[in-house]
Amino acid sequence: MTLPVRNPRTGEPDYAIDPLDAAAVAALAARLRAAQPAWAARSSEDRAAILSRWADAIDARAPEIAAALALDTGRGGISRMEVRGAAGLVRRWAAAAPALIASAARSGATAIPGISYATRLVPYGLVGVISPWNFPLTLALIDAVPALAAGCAAIVKPSEVTPRFVRPLMAAVADVPELAAVLAVVEGDGATGAALVPAVDFVCFTGSVPTGREVAAAAAAAFIPASLELGGKDPMLVLASADPAHAAGVALRASVLGTGQACQSIERVYVDRRIEAAFLDALVAAADATRLNYPDPARGEIGPFIFTRQAEIVEAQLADAVARGARVLAGGTVEHLGGGLYLRPTIVTGVTPDMALMREETFGPVLPVTAFDTLDEAVALANGGEFGLSAAVLAGTADEAEVVAARLEAGAVSINDGALTSMVWEAEKSSFKASGLGPSRMGDSGLLRFLRRQALLRQSGTPLPLSAYAEEALP
């Protein structure tokens, strides 16, 4: 079966992929699994050197990878940033892995005289990665690279919505034959992803909560660990001490960058009523000044929706909100331009917690704003709902913001900024509530989660005989 791929700028299907079926996935997994022991047997320094060569190969092929991403996503500058970021991701883990792995090994005496222990780190054989369409290259590699650095083999199934980058990326993999033996990127749809789970030893998934639940169930059936980074409905709290104009600029950028198609985008703003009017005035002015990058893709801040279905979801949420009494102060209409679907930054007020726009992930450049009277009210509103991925607090001082941040049920909180999780990889964070499951993929655990611990318990004395446990011998 051949799957057509839509160009988000023209609306036309001008590319196609041939999805792998379950048998092909199983055969590829078997090949990677067979090559993994030799990869794991290399020193961590050797693997790091190979990964560094791959980063160089990505740099060498950056123009073609970025061009493929731009066709997939309709974004030029962000696509170039993704390629630079991917090479940086590889180099960061290559630099960090040897010392991190060495520090995770433990040995020492136990509470029992004559018995000591050592911890041996054993990588999972094959890690499967199922990645989404919004940042195709970044999210294809964010789990695979540390898994490789840990000594695992990896197989990645990107979204069928944005698959064009696969071919130039795999050309960069082919430039490093040692890596090509243990890394594969496969094209396919949901059926290919479903076939991947039982074929691997550890699965990583980035995507929606409903699909994440399906992946978790499949992983449980296969009795393998799952690392799930799921949706968000990230709130931002703007306290009375914040500068309203500055806060509006931060909120807009953190919401609509990448057309709002990011899990860490701010999707709800709660602003102190005392500065609500000034905040909204500045926010609407900034939204109205934001440009679509149409017809010139090299100019402007807002690109097209990548996925047609996402534009439909955003339209439905806006229509529901307006029907229930919400008011649109800027934007609000999906525009059909040259075959692409665009939405200018959309500011909405008069929203209530029961609206889909406030409960469900939007994944578009839409910012609903609600005023609050007390901090307790603001915290309760921010903590409402099923999501707990990340959040933000803006205040006059970082210390004031941090006190409020500690009350939020979210895995990461940006203080006096927004959506910082897209920039910071060193800090470990857990996804709260339905926003994810498993260890953090940031910080040290981003790599260490791929290493199992085998305890080696050494007896240097004389083992106890059975008679030592006789009833009359025990106190």
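Definitions and limits used
Residues numbered from 1 in each chain as written. Predicted model: local features only at pLDDT ≥ 70, side-chain atom pairs only at ≥ 80, totals over all residues. Heavy atoms only, no water. Salt bridge = Lys/Arg side-chain N within 4 Å of Asp/Glu carboxyl O. Helix = DSSP H or I, 4+ residues; strand = E, 2+ residues; numbered from the N terminus. Buried < 20%, exposed > 50% of the residue type's maximum accessible area, 1.4 Å probe, protein only. Pairing = 2+ DSSP bridges. Axes fitted to C-alpha atoms, helices over the stretch in contact; angles between N-to-C directions. Arc of directions from axis to C-beta. Contact = heavy atoms within 4.5 Å. 1 Å grid on protein atoms, 1.4 Å probe; cavity = no way out; pocket = protein on both sides within 12 Å on 5 of 7 lines; lining within 4 Å. Points joined across faces, edges and corners; volume = space filled by probe spheres on them. Nonpolar A, V, L, I, M, F, W, Y, C, P; charged D, E, K, R; others polar. Right-handed = clockwise from strand over helix to strand, strands pointing away. Polar contact = N/O pair within 3.5 Å; in protein donor to acceptor, adjacent residues only side chain to side chain. Patch = residues over 30% accessible without salt bridge, like charges linked within 9 Å, V, L, I, M, F, W, Y side chains within 5 Å. Areas by Shrake-Rupley, 256 points an atom, 1.4 Å probe, with all protein chains shown as cover.

### Regarding the pattern of salt bridges
Applying the stated criterion across every chain yields a total of 27 salt bridges. The residue Asp143 makes a salt bridge to Arg441 at a minimum N-O spacing of 3.3 Å. With Asp143 in the loop between helix 5 (136-141) and helix 6 (144-150) and Arg441 in the loop between strand 21 (436-437) and helix 17 (445-448), this residue pair connects regions lying 298 residues apart in the sequence. The exposure class of Asp143 is buried, given its relative accessible area of 2%. In this structure, Arg407 and Asp376 form a salt bridge, with 2.7 Å as the shortest nitrogen-oxygen distance. On the criterion of sequence distance, the pair formed by Arg407 in the loop between helix 16 (398-405) and strand 19 (412-415) and Asp376 in helix 15 (residues 375-382) is long-range, its members being 31 residues apart. Exposure remark for Arg407: the relative accessible area of 38% places this residue in the partly exposed category.

### A look at the sheet that holds strand 12 (residues 327-330)
In space, the seven strands of this open sheet follow the order 12-15-16-11-10-18-19, with mixed pairing throughout. Each edge of the open sheet is held by one strand with a lone partner, namely strand 12 and strand 19. Neighbouring strand axes in the sheet, compared pairwise and without regard to direction, differ in orientation by 25 degrees on average.

### Observations regarding helix 16
For helix 16, the complete set of buried residues consists of Ala401, Val404 and Ala405. The buried residues of helix 16 occupy an angular sector of 105 degrees when projected down its axis, which confines them to one face. Opposite the packed face of helix 16, turned more than 90 degrees from it, sit the exposed residues Asp399 and Val403. Against the buried residues of helix 16 lie strand 10 (234-238), helix 15, strand 18 (390-394) and strand 19.

### Focus: empty space enclosed by the protein
Rolled over the atoms, a probe sized like a water molecule indicates the empty space that remains. Following the criterion strictly, the structure yields two cavities of 30 Å³ or more and no others. Reported here for the largest cavity is a volume of approximately 100 Å³. Surrounding the largest cavity, 14 residues form its lining, Leu228, Glu229, Pro439, Ser440 and Arg441 being those nearest its centre. The leading source of residues in the lining of the largest cavity is strand 9 (residues 226-229), at three residues. Residues belonging to the lining of the largest cavity are distributed by class as follows: five nonpolar, five polar and four charged. Roughly 60 Å³ of volume is contained in the second largest cavity. Taken together, 14 residues form the lining of the second largest cavity, with Pro235, Ala382, Ser390, Glu409 and Ala410 sitting closest to its centre.

### Considerations on the environment of Gly411
Tracing the chain through its elements places Gly411 in the loop between helix 16 and strand 19. Sequence separation of Gly411 and Phe432 is 21 residues, and the distance between their C-alpha atoms is 5.6 Å. Leaving out residues up to four positions away in the same chain, Gly411 has contacts with Gly388, Leu389, Ser390, Lys429, Ser430 and Phe432.

### Looking at the pairing of strand 18
Of all five residues making up strand 18, five are buried, and the element is well covered by its neighbours. Side chains Ser390, Ala392 and Leu394 of strand 18 all project onto a buried face; the interleaved residues Ala391 and Val393 project onto the opposite face, where all are buried too. As judged from the four bridges shared by strand 18 and strand 19, these two strands associate in the parallel manner. Counterpart to Val393 in the pairing with strand 19 is Ile415. In this fold, the crossover linking strand 18 to strand 19 by way of helix 16 has right-handed handedness.

### Structural notes on the sheet that holds strand 8 (residues 202-206)
By way of backbone hydrogen bonds, the strands of a sheet pair with one another, either parallel or antiparallel. Reading across the sheet, the six strands line up as 7-6-5-8-9-21 and stay open at both edges, with mixed pairing between neighbours. This sheet does not close on itself; its edge strands, each paired only once, are strand 7 (183-185) and strand 21. Where strand 6 (residues 153-157) and strand 7 come together, three bridges link them in parallel fashion. Paired with Ala154 across the bridge in strand 7 is Leu183.

### Quick look at the side chain of Ser79
Here Ser79 lies in helix 4 (residues 77-104). Accessibility expressed as a relative area gives 0% for Ser79, which makes it buried. Looking at Ser79, its side chain comes within polar contact range of the main-chain oxygen of Arg75, at 2.4 Å.

### What to know about a nonpolar patch on the surface
Taken together, Leu464, Leu466, Tyr469 and Leu474 make up a surface patch of nonpolar side chains, about 490 Å² in accessible area. In this structure, Leu466 sits in the segment after strand 22 (451-459). What makes Leu466 exposed here is its relative accessible area of 74%.

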